[in-house]
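# Descriptive structure summary
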Amino acid sequence: MIPPPLLHALRAYVRYAPGRLGKPHLAAHLSDHLKQHPLTTTARTRDGAVFPVVTSDVIQRYLWLFGTWEPHLTAWMHARLAPGDLVIDAGAHTGYFTVLASRLVGPAGRVVAIEPSPVFHRALTANLAANGCGNVRTVNTAVSDTSGRMTFYLERSTNLGGTTAVRPRTVEASFEADAAPLPSFLTEDELAAARLIKLDVEGGEDAAVRGLAPLLPRLRHDIELVIEVTPRLLAKQGQAIDDVLGPLREHGFHVYRLANDYAAASYPAALAHPAPAVRWNGPVTEMTDLVLSRTDASALPPRL
């Protein structure tokens, strides 16, 4: 058991000290400790947002330990979003990226946050209120290609963000939620103004894109999508990555890949040198963050 004063000192070294000497090993050790000996506390992110956390869950643990989640995607959003933009965050969970987007687009911008879980949706709205995010509209619904009811499953409580409609081998909890195509609960103004659509739907990527596909020609030309694709979950449904990407490529989108390593040891390097979204033509064999953009480049540059 690491005494609290030492634990806070080690965290401060990982988060704030210059250089990376010993940080990967220390970060992995601290992450394991916080998983086995959970803290119930408040995390402050590098962007100044606050979230209540219990460190047995990986997202909440990394927010407390590193002050960020998915550092490459976080840095990419900083580079690509601007004040006045509109962001659609489907699969918002408890709101890390929603709060980030809210701050990046500012009072003149808007965010639509969509989360099917009643529990996570309540946490989302509480976190938005705690961080003064008055430019966010929330929707307690799942994104799919048809309207109806869906069942979602939690495989383990140490990864709450892995809640999925694809039944896992073991189920720790489940819930039902309404589902509908993405355009059905967005206004015409929101669809027309959307600068970024983020889809993190844990195996539901194909259905989410199919539901959006009829409106792709009506979206603004510089719209970009960030889609977390999970080949294993798609395969369990008889689907493949090309089923997700095909409709987008047909409408002029190019595929880029964002680095995303969930190992705690990878975070110090990622925070020091976040990687850009690079053009991707190879296979996708593991959970991956893909960016779809009509920009034709080897890597997506910061937005001017």
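Quick caveat, the model's predicted, so the values are computed rather than measured.

Moving on, we get to the environment of G148. In this structure, G148 sits in strand β7 (residues 148-154). Apart from the residues within four sequence positions on either side, G148 is in contact with A177, D178 and A179.

Glancing now at helix α4 (residues 71-80). Buried residues dominate α4, accounting for seven of its 10 residues. Burial in α4 covers these residues: P71, H72, L73, T74, W76, M77 and R80. For α4, the secondary structure elements touched by its buried residues are α5 (96-105), β9 (194-199), β10 (224-229), β11 (254-258), α11 (267-272) and β13 (288-293).

Phi is positive for E70, close to 50°, though the residue is something other than glycine. For E70, the position within the fold is in the loop between α3 (58-66) and α4. Overall, the relative accessible area of 4% leaves E70 in the buried class. For H93, which is not a glycine, the phi torsion comes out positive at approximately 55°. Among the secondary structure elements, H93 is positioned in the loop between β3 (86-90) and α5.

What follows concerns the environment of L100. Checked against the element boundaries, L100 lands in helix α5. With relative accessibility at 3%, the residue L100 sits in the buried group. In this structure the C-alpha to C-alpha distance between L100 and M77, which are 23 residues apart in sequence, comes to 8.4 Å. When sequence neighbours within four positions are dropped, the list of residues in contact with L100 reads D47, T74, M77 and H78.

What follows concerns the sheet that holds β9. Spatially, β5-β4-β3-β9-β10-β13-β11-β12 is the arrangement adopted by the eight strands of the open sheet, whose pairing is mixed. One side of each edge strand has no neighbouring strand; the edge strands of this open sheet are β5 (136-139) and β12 (278-279). The sheet strands contacting α5 are β3, β4 (110-114), β5 and β9, and the helix crosses β4 at an angle near 170°. The sheet contacts of helix α8 (residues 205-212) involve β9 and β10, and relative to β10 the element is tilted by about 155°.

Okay, the packing of aromatic side chains next. Applying the stated criterion across every chain yields a total of eight aromatic pairs. Here the aromatic rings of F51 and Y96 are separated by 6.4 Å at their centres, their planes lie at 45°, and the arrangement is tilted. One end of the pair, F51, is in strand β2 (residues 50-54); the other, Y96, is in helix α5, with 45 residues separating them in the sequence. Residue Y96 is classed as buried on the basis of its relative accessible area of 7%. The interplanar angle of 90° and the centroid separation of 5.3 Å between the aromatic rings of Y62 and F66 together place this pair among those described as edge-to-face. Of this pair, Y62 and F66 both sit in helix α3, separated by four residues, roughly a single helical turn. Here Y62 matches F66 in class, with each residue buried. Through a chain of ring-to-ring contacts, the aromatic side chains of Y62, F66, W69, Y262 and Y267 assemble into a single cluster. Between R11 and the ring centre of W64, over which it is positioned, the NZ or CZ distance is 4.1 Å.

Another point: the packing of helix α1 (residues 4-16) against helix α2 (residues 23-36). Where α1 contacts α2, the two axes come as close as 10 Å, and the packing angle between them is 140°. Comparing their axes, α2 and α1 come out oblique. Crossing of α1 over α2 shows left-handed handedness. Two secondary-structure elements touch here, α1 through L7, L10, R11, Y13 and V14 and α2 through K23, L26, A27, L30, H33 and L34.

Right, let's get into the nonpolar core. Membership of the largest hydrophobic core comes to 47 residues, with the highest contact counts inside it found for F66, W69, W76, M77 and V291. The next biggest cluster of nonpolar side chains, apart from the first, holds 37 residues, and it includes L191, L215, V229 and L234.

With that out of the way, let us pick up the sheet that holds β7. If you trace the three strands from one edge of the open sheet to the other, you get β6-β8-β7, paired in mixed fashion. Only two strands of the sheet have a single partner each, and these edge strands are β6 (142-144) and β7. Recorded for the sheet is a direction-independent mean angle of 45° between the axes of neighbouring strands.

Cut-offs and rules
Chains are numbered independently. Their residues run from 1 in the order of the written sequence. The predicted nature of this model means local features are confined to residues of pLDDT at least 70 and side-chain atom pairs, given and counted, to a pLDDT of 80 or more, with totals for whole chains, interfaces and linings taken over all residues. To get the side-chain values, take all heavy atoms of the structure and skip hydrogens and water. Think of it this way: any DSSP run of H or I at least four residues long counts as a helix, any run of E at least two long counts as a strand, and we number them from the N terminus. Contacts are assigned to residue pairs with any non-hydrogen atoms lying within 4.5 Å of each other. Burial classes follow relative accessibility: with a 1.4 Å probe on protein chains only, a residue under 20% of its type's maximum area counts as buried, one over 50% as exposed, and anything between as partly exposed. When DSSP locates at least two bridges between a pair of strands, those strands are taken to pair. Here an axis means a line fitted to C-alpha atoms, over the contact stretch when the element is a helix, while the angle between two N-to-C directions is reported on a 0 to 180 degree scale. Any Phe, Tyr or Trp ring, taking Trp's six-membered ring, that has another such ring centre within 6.5 Å forms a pair; planes under 30 degrees apart are called stacked, those over 60 apart edge-to-face, and the others tilted. Charge-over-ring contacts are defined here by two conditions on Lys NZ or Arg CZ: a distance within 6 Å of the ring centre and an angle within 35 degrees of the ring normal. Should an angle fall under 35 degrees it is taken as roughly parallel, and over 145 as roughly antiparallel, whereas 65 to 115 is taken as roughly perpendicular and any remaining angle as oblique. Note: crossing handedness is left-handed where the near helix turns anticlockwise from the far helix by less than a right angle, and right-handed where it turns clockwise. Side-chain atoms within 4.5 Å link the members of a nonpolar core, which is a set of buried Ala, Val, Leu, Ile, Met, Phe, Trp, Tyr and Cys residues.

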